[in-house]
Amino acid sequence: MTSVTQARLSITTESVPIVRIIRDEREWDLLEPEWEELFARSPAASAPLRFSWLREWWRVYGTAYGDQGRGLRIIAVRRANALIGVLPLYEGIVKSGPVTWRRLAFLSTGEAEFEETCPETLDLLHAPGEQTSCLDAIRDVLDSDALRWEELDLRDVCANSPLLHWAQDLGHDCRTTIEQRGACAIADISGGLDAYLARLSANSRQHSRRLLRGAQRAAAMMELATTADETAEYFEQLIQLHQRRWMQAGKPGCFAAPRFTEFHRALVFEGVPHGRVVLGRLTVGGESLAVIYGFVTGKKFDFYQSGVLLDGPEAARAGGACPIASPGIVAFLLLMERLAERGIEQFDFLKADGESSYKHRLATRHRPLCRLVATRRTPKQFALRGIRLAGRAVRRSFAPPNPSPAPPAAAPAAAEKRPFISRTDLAAGLLEGSGMGAALRAMGAWHGLLVLAYHRIGDGSRSCFDRELWSATPDDFDSQIKLLKRHADVITPGDLPLVAGRRRGRHVLITFDDGYRDNFETAFPILQSHGVRSLFFVTTGFLDRRGLSWWDEIAWMVRSSRRNEIPQSEWVRERIVFDRPDCHRAIGALLAIYKSLPGDATIPYLHHLAEATGSGRHRGDEADRTWMTWDMLREMSRSGMGVGGHTVSHPILANLPPHRQREEIAGCAGRIREEMGLPMRWLSYPSGKPFTYDAHTHACLAEQGVELAFSAYGGINHDTGRDRYDVRRTGVEMNRSPRWLKMALTLPQICV
């Protein structure tokens, strides 16, 4: 190959946009400098696209609307390692009766009406000249299965946004609708207040000048907050004035919502010192008549909220009087004057509702807004409709043929006896009873790689340890392997590179986590009897030191305790009552606390639980019967089983600093290399949720030469090469219905 050809190839490769879906907050935080640089030069920049706005919204609202904080889905586009585009989305779970679906929406949209932030002019944030490249790359991601969504909802984008035209090409399996959503009222204030007034209609101009003369006679002043004390004072006055007016009208007002107030309080204190947020206060004789709150982006000001003293008949009814007429309009005019002096050229009132609104009277032009909704035609939608129909049929089948009126006291007893039937069971019954399930499996209703995650095989119903770790009994596991072999291609770990990106075929990979001894004594013989190979991820510290895992020890502490609760403390915010005899909910709550702690706080937390439960720390005398030995693992490897890493001590990696993450991953790889003579080609993340690993984790994996890393939050993999450090797995649990696996092999879009 000539040097010219190599140079051309290099240029071509570097010029191809690369898309990454950011699901982790820590990775997102690392993007802030590049995001701000892109924002500064993007023609689509607007206040709700600023990093600080979106990041604060996710902190305040993410757990409530973003699938409990797991739904972050920011699409970032790079060219030659430079950030050229960002589409800030999140995934939420929407429910309508028994039906749920996954909705992708702009960050900071989709809240309940009482606390919605109502951002407008959201769009694709892109570098100059890069919008087409970014949109094409993002469309490919949305068309693929990298994101599992049934609905894409983009609200209040400008009518000239390229998103509206690009969305028409999302694919033949999408139904796209675009609706008008009102218009933004914009005032051109370039050249100063007098130039702006000259652009208004004669009536509006005359009315505005009359109000300004009255304000001048009353010595009205427009003051802008600059210090922290002024910011706090003006913001509290904004809330008081705003709420007073709405309460007078018999309505709560937006600042009655705690999350709304918390969100904007943070934005105000962050933005005022940098000139990105404006708090303007209109006063007469030291009395605050109005406060206006908004955002500056380049040469544009976006008005967001105001609080205005009641005037005219409303003030008289409230038992007071305003020293000037129309203090709200006066405040706008005087703020326009101050902003124009700073070089601001546009005053955007944002969406203007009502034909006689003051926004229309003060505007010199309008910008239409639209809402785009794209709905996927997926098997899930079809199946959900079938589930609802099956539910009706089942309910009718349980009803007596000729029901007679029952006394009111008998009704609760009848309701208690009604058997619980899950939606998965209903769908399975519908599919199998109609023969549709067999037909779907025969025709191949899906393609890709389904990775199943097991932990323990056996009966843990009476164990004093964590019973959630048992995935199946030996008989059930044997039946599951038979079913998998019958309806899918059960692959070996070595087959993973061969099936990556394959457009046809239904592949299943079986994996085990942690390194429990029953993996060797029970699961291994069953796998061998069926000629199936599995991938075993081991926590090397458990094999070496033979200690009890932290989750098993927490479960043991609770079940061994003679007490009935753990009181509130610095570790436990609210007391946890032991739900005897199983204590399932109590153990789950304590495990969740452990997973949220920084790495250096986990040992003190365990010591605290030892005292709080009165059980003390476990002596570890059962650990030898809990974990495999390296000899067992070597025997499994010689029989064709794969061995991967699961860290040294099973921490939540994202809770550790980078050097501790490196120790956990490198230490695990080193022990596997020493004992097995093998490189650590594969690793599964402890706990495996998106928030449990970050960009530092990925860097450590790359340092150790890890080829694939496995998560554990469900999903089908259509191309493991697209994001090799996020191969999705679905956990197999003991409480799954026997029909669940059959449904997972028929329509995994619903079950995994």
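Residues numbered from 1 in each chain as written. Predicted model: local features only at pLDDT ≥ 70, side-chain atom pairs only at ≥ 80, totals over all residues. Heavy atoms only, no water.

What exactly am I supposed to notice about the overall build of the protein chain here?
On a plain count of helices and strands, the protein chain comes out with 29 helices and 25 strands. Counting every position in the protein chain, which comprises 752 residues, the buried fraction comes to 53%. Considering only contacts in the protein chain between residues 6 or more positions apart, those separated by 24 or more positions represent 71%. Split by element, the accessible area of the protein chain, about 33900 Å² in all, is 51% carbon and sulfur. (Helix = DSSP H or I, 4+ residues; strand = E, 2+ residues; numbered from the N terminus. Buried < 20%, exposed > 50% of the residue type's maximum accessible area, 1.4 Å probe, protein only. Contact = heavy atoms within 4.5 Å. Areas by Shrake-Rupley, 256 points an atom, 1.4 Å probe, with all protein chains shown as cover.)

Mind showing me how you'd approach helix 24 (residues 602-613) here?
Because an α-helix packs 3.6 residues into every turn, residues spaced three or four apart end up facing the same way. Here helix 24 contains twelve residues, and its C-alpha end-to-end distance of 16 Å stays within 8% of the 16 Å for a straight helix at 1.5 Å per residue. Where the residues of helix 24 are buried, they touch helix 22 (550-560), strand 20 (565-566) and helix 23 (584-596). Just past helix 24, the residue glycine 614 takes up positive phi, approximately 80°. (Expected span 1.5 Å × (residues − 1).)

It is not clear to me how the environment of histidine 366 should be interpreted in this structure. Could you clarify?
Here histidine 366 shows up in strand 13 (residues 365-376). Excluding residues that lie within four positions of it along the chain, histidine 366 makes contacts with Ala183, Cys184, Ala185 and His360. A polar side-chain atom of histidine 366 sits 2.9 Å from a polar atom in the side chain of histidine 360. (Polar contact = N/O pair within 3.5 Å; in protein donor to acceptor, adjacent residues only side chain to side chain.)

Would you take a moment to explain the pattern of salt bridges for this structure?
Side chains that differ in sign of charge can pair as their charged atoms come close. Going through the model one piece at a time under the given rule, you end up with 46 salt bridges. The salt bridge involving lysine 300 is made with aspartate 348; its shortest N-O contact spans 3.4 Å. With lysine 300 in strand 11 (residues 300-308) and aspartate 348 in strand 12 (residues 346-351), this pair connects stretches of sequence that are 48 residues apart. With respect to burial, lysine 300 and aspartate 348 carry one shared label: buried. Measuring nitrogen to oxygen at the nearest pair gives 2.8 Å for the salt bridge that ties arginine 671 to aspartate 544. With arginine 671 in helix 26 (residues 658-676) and aspartate 544 in helix 21 (residues 540-545), the pair connects residues that are 127 residues apart, well separated along the chain. On the basis of relative accessibility, which here comes to 32%, the residue aspartate 544 falls in the partly exposed class. Beyond isolated ion pairs, a larger network of salt bridges with shared partners links Asp544, Asp631, Arg634, Arg671, Glu674 and Glu675. (Salt bridge = Lys/Arg side-chain N within 4 Å of Asp/Glu carboxyl O.)

In this structure, what is going on with the nonpolar core? I would like to understand it.
Nonpolar side chains tend to gather and get buried jointly when the protein is soluble and globular. Formed by 118 residues in total, the largest nonpolar core has its most connected members in Trp28, Leu142, Tyr196, Leu282 and Phe347. For this core, the element with the highest residue contribution is helix 12 (residues 327-341), accounting for ten residues. Leucine 142 has contacts with Ile75, Leu104, Leu147, Trp149, Leu152, Trp166, Leu170 and Arg376, leaving out every residue within four places of it along the chain. Of all hydrophobic cores here, the second largest spans 55 residues; its members include Leu484, Leu633, Met676 and Leu745. (Core = buried A, V, L, I, M, F, W, Y, C linked by side-chain atoms within 4.5 Å.)

What is the right way to read the pairing of strand 8 (residues 221-224) from this model?
In summary, the side chains of a regular strand alternate between the two faces of the sheet. In strand 8, alternate side chains face the same way, and those of Met222 and Leu224 are buried while those of Met221 and Glu223 on the opposite face are not. Note that strand 8 and strand 9 (residues 277-284) share four bridges and pair antiparallel. The residue bridging leucine 224 from the neighbouring strand is glycine 280, located in strand 9. (Pairing = 2+ DSSP bridges.)

Just to check I follow, could you spell out a positive patch on the surface for this structure?
Residues Arg209, Arg210, Arg213 and Arg217 make up a contiguous surface patch of positive charge. Inspection of the secondary structure assignment puts arginine 210 in helix 8 (residues 202-217). (Patch = residues over 30% accessible without salt bridge, like charges linked within 9 Å, V, L, I, M, F, W, Y side chains within 5 Å. Lys, Arg positive; Asp, Glu negative; His and termini not counted. Charge placed at Lys NZ, Arg CZ, Asp CG, Glu CD.)

How do you make sense of the packing of helix 22 against helix 24 when you look at a structure like this?
A pair of packed helices can be characterised by two numbers: the angle between their axes and the separation between those axes. Interaxial distance between helix 22 and helix 24 falls to 10 Å at its minimum, and their mutual angle equals 15°. With respect to each other, helix 22 and helix 24 are oriented roughly parallel. Along this stretch, helix 22 crosses helix 24, giving a crossing that reads as left-handed. Facing helix 22, whose interface residues are Trp550, Glu553, Ile554 and Met557, helix 24 presents Tyr605, Leu606, Leu609, Ala610 and Thr613. A class-by-class count of the residues in the contact of helix 22 with helix 24 yields seven nonpolar, one polar and one charged. (Axes fitted to C-alpha atoms, helices over the stretch in contact; angles between N-to-C directions. Parallel < 35°, antiparallel > 145°, perpendicular 65-115°, else oblique. Left-handed = near helix turned anticlockwise from the far one by under 90°. Nonpolar A, V, L, I, M, F, W, Y, C, P; charged D, E, K, R; others polar.)

Before we go on, may I ask you to explain unusual backbone geometry in this structure?
Where the residue is not glycine, phi is negative for most of them; where a peptide bond is considered, it is trans in most cases. In this chain, arginine 580 is followed by proline 581 through a cis amide linkage whose omega measures 0°. Inspection of the secondary structure assignment puts proline 581 in the loop between strand 21 (576-577) and helix 23. One non-glycine residue, asparagine 81, lies in the positive phi region at around 70°. Using a relative accessible area of 63% as the deciding quantity, one classes asparagine 81 as exposed.

I tried to follow helix 25 (residues 630-638) on my own but got confused; where do I start?
Taken residue by residue, helix 25 has Trp630, Met632, Leu633 and Met636 as its buried positions. Taken end-on, helix 25 shows its buried residues confined to a sector of 155°, consistent with a single buried face. Of the exposed residues in helix 25, those oriented more than 90 degrees away from the buried face are Asp631 and Arg638. Packed against the buried residues of helix 25 are helix 20 (517-529), strand 19 (535-538), helix 21, strand 22 (642-645) and helix 26. Glycine 640, located one to two residues past helix 25, shows a positive phi value of around 100°. (Arc of directions from axis to C-beta.)

Can you help me understand the environment of glycine 505 in this one?
By the element assignment, glycine 505 lies in the loop between helix 19 (496-499) and strand 18 (506-514). Look at glycine 505 and you get partly exposed, because its relative accessible area is 31%. Placed 16 residues apart in sequence, glycine 505 and aspartate 489 show a C-alpha to C-alpha distance of 7.7 Å. Glycine 505 has contacts with His447 and Gly448, leaving out every residue within four places of it along the chain.

Got a minute to help me understand the side chain of arginine 376 in this structure?
With respect to the helices, strands and loops of the structure, arginine 376 is situated in strand 13. Residue classification places arginine 376 among the buried positions, given a relative accessible area of 5%. Here the side chain of arginine 376 touches leucine 147 through a polar contact of 3.5 Å, landing on its backbone oxygen.

Sorry if this is basic, but what is going on with the packing of aromatic side chains here?
How two aromatic rings sit relative to each other is set out by the distance from centre to centre and by the angle between their planes. Going through the model one piece at a time under the given rule, you end up with 39 aromatic pairs. With centroids separated by 5.2 Å and ring planes inclined at 50°, the aromatic side chains of tyrosine 293 and phenylalanine 295 adopt a geometry described as tilted. Considering the side-chain rings of phenylalanine 349 and tyrosine 358, the 6.3 Å spacing of their centres and the 85° angle between planes classify their relative orientation as edge-to-face. (Phe/Tyr/Trp six-rings, centres within 6.5 Å; stacked < 30°, edge-to-face > 60°.)

Would you explain the pairing of strand 2 (residues 72-79) in this entry?
Counting buried residues in strand 2 gives six out of eight residues, a clear majority hidden from the surface. Across five bridges, strand 1 (residues 18-22) lies against strand 2 in antiparallel orientation. When the bridges of strand 2 are listed, isoleucine 21 appears paired with isoleucine 75.

Help me understand the confidence of the model for the protein chain in this model?
Parts of the model with low pLDDT should not have their predicted coordinates read in detail. Summarising the model, the protein chain shows a mean pLDDT of 84, and 84% of its residues fall at 70 or more. Between the elements of the protein chain, mean pLDDT differs from a low of 33, seen in helix 15 (residues 410-417), to a high of 97, seen in strand 19. In this model, residues 312-319 is a region of pLDDT below 50 whose contacts with residues beyond four sequence positions or in other chains number seven contacts. Taken together, the stretch residues 393-421 has pLDDT below 50 and engages in five contacts with residues farther than four places along the chain or on a different chain. (pLDDT = per-residue confidence, 0-100.)

I keep staring at the packing of helix 26 against helix 27 (residues 695-703) and nothing clicks. Help me out?
The geometry of helix 26 relative to helix 27 is characterised by a closest axis approach of 9 Å and an angle of 40° between their N-to-C directions. Judged by the inter-axis angle, helix 26 sits oblique to helix 27. Helix 26 and helix 27 meet at a crossing whose hand is right-handed. In this structure, helix 26 uses Pro658, Gln661, Arg662 and Ile665 to contact helix 27, whose residues at the interface are His696, Thr697, Cys700, Leu701 and Glu703. Class assignment of the residues belonging to the contact of helix 26 with helix 27 gives a composition of four nonpolar, three polar and two charged.

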